[in-house]
Amino acid sequence: MSTTEVGEKVKAGVVFERGEAVPQWFVWKKRKIDVKQVSFTWRTAEGDSVLVHYSVVSEGGLYELSYNLKTLEWMLENTAE
């Protein structure tokens, strides 16, 4: 399984647990992808923005999502399908 850099904005559905957004699904290439598990989260800084990264598992593969706390945008960073 190889990793592919994507870097595209996506729409995501989330639930909030203990004040944190937890992705439940996202839409990429007109396809809804259900998140089965969030396996890891971490934060990075990009300029004056903080990004929350999520390593997620679906039935179709592994994905890295990021959520920009300043712009409130979700990005699909990488995929391993």
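Refer to the structure presented above.
Described in the following lines is the structure provided in the data block. (Residues numbered from 1 in each chain as written. Predicted model: local features only at pLDDT ≥ 70, side-chain atom pairs only at ≥ 80, totals over all residues. Heavy atoms only, no water.)

**Looking at the packing of aromatic side chains**
In step 1: The tally for this structure, following the rule as stated, stands at five aromatic pairs.
In step 2: Here a set of aromatic residues connected by ring pairs shows up, and it is made of Phe-26, Trp-28 and Tyr-63. (Phe/Tyr/Trp six-rings, centres within 6.5 Å; stacked < 30°, edge-to-face > 60°.)

**Some points on the sheet that holds strand E7 (residues 74-80)**
In step 1: The seven strands are arranged E3-E2-E1-E7-E6-E5-E4 in an open sheet whose pairing can be described as antiparallel. What marks the edges here is a single partner per strand, and that holds for strand E3 (31-34) and strand E4 (37-46). Going across the sheet, the axis of each strand differs from the next one's by a mean of 35°, ignoring polarity.
In step 2: As paired strands, strand E1 (residues 4-17) and E7 are joined by five bridges and run antiparallel to one another. Counted as the bridge partner of Lys-9 is Met-75 from E7. (Pairing = 2+ DSSP bridges. Helix = DSSP H or I, 4+ residues; strand = E, 2+ residues; numbered from the N terminus. Axes fitted to C-alpha atoms, helices over the stretch in contact; angles between N-to-C directions.)

**Comments concerning the environment of Val-10**
In step 1: For Val-10, the location among the structural elements is in strand E1.
In step 2: Among residues more than four places away in sequence, those in contact with Val-10 are Phe-26, Val-27, Trp-28, Leu-65, Trp-74, Met-75 and Leu-76. (Contact = heavy atoms within 4.5 Å.)

Worth remembering: the numbers are spatial, not functional.
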